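Chains, contacts and geometry: an overview
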Amino acid sequence: MIQPALPTFIAAHPRSILVELREAKGSTPREAGTFMLVATKAIWGTIGGGQFEYMAIDNARAMLSGGGEAMMDIPLGPEIGQCCGGHTRLSFQPLTPELAETLEKRLRDEEDDRPAVTLFGSGHVGQALARALVPLPFAVTVVETRAEALEDLPAETEKHLTAMPEAFVEKIPACGAAIILTHDHALDFLIAQRALARTDLAYVGMIGSRTKRATFANWLKREGGGDDMLPRLVLPIGGTTVRDKRPAVIAALVAAELLETYAARQDQPSKRQVPTV
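First, a word on scope: everything that follows refers to the structure included in this document. (Residues numbered from 1 in each chain as written. Predicted model: local features only at pLDDT ≥ 70, side-chain atom pairs only at ≥ 80, totals over all residues. Heavy atoms only, no water.)

1. Things to note about the nonpolar core
- Among the nonpolar cores identified, the biggest contains 24 residues, and Val117, Leu119, Leu129, Leu133, Ile179, Val254 and Leu258 are the most heavily contacted of them.
- The set of elements that each furnish at least two residues to this core consists of β6 (116–120), α4 (124–133), β7 (139–144), β9 (177–180) and α7 (247–266).
- By residue number, the principal contributor to this core is α7, which donates 6 residues.
- Those residues in contact with Leu133 that lie beyond four places of it in its chain are Val117, Leu119, Phe138, Val140, Ala255 and Leu258.
- Within the second largest apolar cluster, 22 residues are counted, among which are Phe120, Val169, Ala195 and Met206. (Core = buried A, V, L, I, M, F, W, Y, C linked by side-chain atoms within 4.5 Å. Buried < 20%, exposed > 50% of the residue type's maximum accessible area, 1.4 Å probe, protein only. Helix = DSSP H or I, 4+ residues; strand = E, 2+ residues; numbered from the N terminus. Contact = heavy atoms within 4.5 Å.)

In structure tokens form, the structure reads like this:
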């Protein structure tokens with residue numbers, strides 16, 4: 001079942017309880033700041049599932065009936081049938097118009113902060129990768145020279161039709177990602193050269209093999225590329241451990257690669273903390 005957008009859920013269930021994970025110590029299913037909404041017969045979001053979440057839902061619905069607790073401390077241990085070993089503290093608040101506005105703004109801000117992932121090419125792998133990335137915390141843009149290749153992409157993707165996709169490299173926001181999978185190796189090389197000339201991108205990847213990497217290395221050298229450029233290129237994308245070349249498999253591997261890349265960046269001391277409600 002597809003979860004509705006938050007404003008849609010709130011409009012349908014204005015009498016709901018906001019359940020927020022205020023503290024998360026040790027091993028927990030979700031991080032502090034995670035929230036869900038609980039109505040009498042509907043739920044939006046999740047704080048991690050399991051018995052821990054069932055307890056939160058029961059308390060929220062008790063609150064809707066005039067009982068319940070405003071705070072709950074729940075250790076995630078054998079006493080509730082979970083073995084995470086961490087400790088959580090939950091808050092419960094009746095939803096108000098002001099609180100709903102705060103939640104919606106928070107989600108909009110989180111969407112604005114999503115890393116920009118630009119796919120150059122929308123062939124079989126590009127289409128599969130766009131579909132794999134849409135549910136993940138990325139803002140996905142697809143750049144193509146062929147109008148028909150943009151037709152079946154997910155509605156959530158931004159689409160650009162251009163005769164010169166290499167020029168779009170300059171439009172990728174800082175800390176974004178460029179993934180190159182066009183139908184033309186010469187175009188791949190040109191886009192990669194432009195992307196590697198930027199030192200502020202978090203990820204530059206190209207579909208292909210070790211042979212294609214060697215060919216690109218020779219081409220880049222002839223074109224006067226710097227020695228620091230090639231080591232920053234991920235080629236082949238998705239790694240070499242899994243040799244399955246089906247588009248959906250490649251897409252899953254590349255999605256995991258992107259998640260790992262950005263998780264490593266977020267683990268740096270400068271990462272932004274998401275404020276609680």
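2. Things to note about the side chain of Asn59
- Within the fold, Asn59 resides in helix α2 (residues 50–64).
- Judged by its relative accessible area of 9%, Asn59 falls in the buried class.
- Excluding anything up to four places from it in sequence, Asn59 contacts Gly68, Glu69, Met72 and Phe92.

3. Section: the packing of helix α5 (residues 185–197) against helix α6 (residues 210–222)
- Between α5 and α6, the shortest axis-to-axis distance is 11 Å and the interhelical angle comes to 65°. In the packing of α5 onto α6, the handedness of the crossing is right-handed. On α6, the residues that touch His185, Asp188, Phe189, Leu190, Ala192, Gln193 and Leu196 of α5 are Lys212, Thr215, Phe216, Trp219 and Leu220.
- Class assignment for the residues of the contact of α5 with α6 results in 7 nonpolar, 3 polar and 2 charged. (Axes fitted to C-alpha atoms, helices over the stretch in contact; angles between N-to-C directions. Left-handed = near helix turned anticlockwise from the far one by under 90°. Nonpolar A, V, L, I, M, F, W, Y, C, P; charged D, E, K, R; others polar.)

4. A short note on the pairing of strand β10 (residues 203–206)
- The alternating pattern of β10 places Tyr203 and Gly205 on one face and Val204 and Met206 on the opposite face, and all of these are buried.
- With respect to chirality, the unit in which β9 leads through α5 into the neighbouring parallel β10 is right-handed.
- Looking at chain direction, β10 and strand β11 (residues 233–234) are connected through 2 bridges and run parallel. Note that in β11 the partner of Val204 across the bridge is Leu233.
- Crossover handedness for the path β10 to α6 to β11: right-handed. (Right-handed = clockwise from strand over helix to strand, strands pointing away. Pairing = 2+ DSSP bridges.)

5. Focus: unusual backbone geometry
- For the bond from Leu235 to Pro236, the omega torsion is 10°, close enough to zero to count as cis.
- Here Cys175, not a glycine, exhibits a phi torsion of approximately 70°, which is positive.
- Structurally, the position occupied by Cys175 is in the loop between β8 (158–161) and β9.

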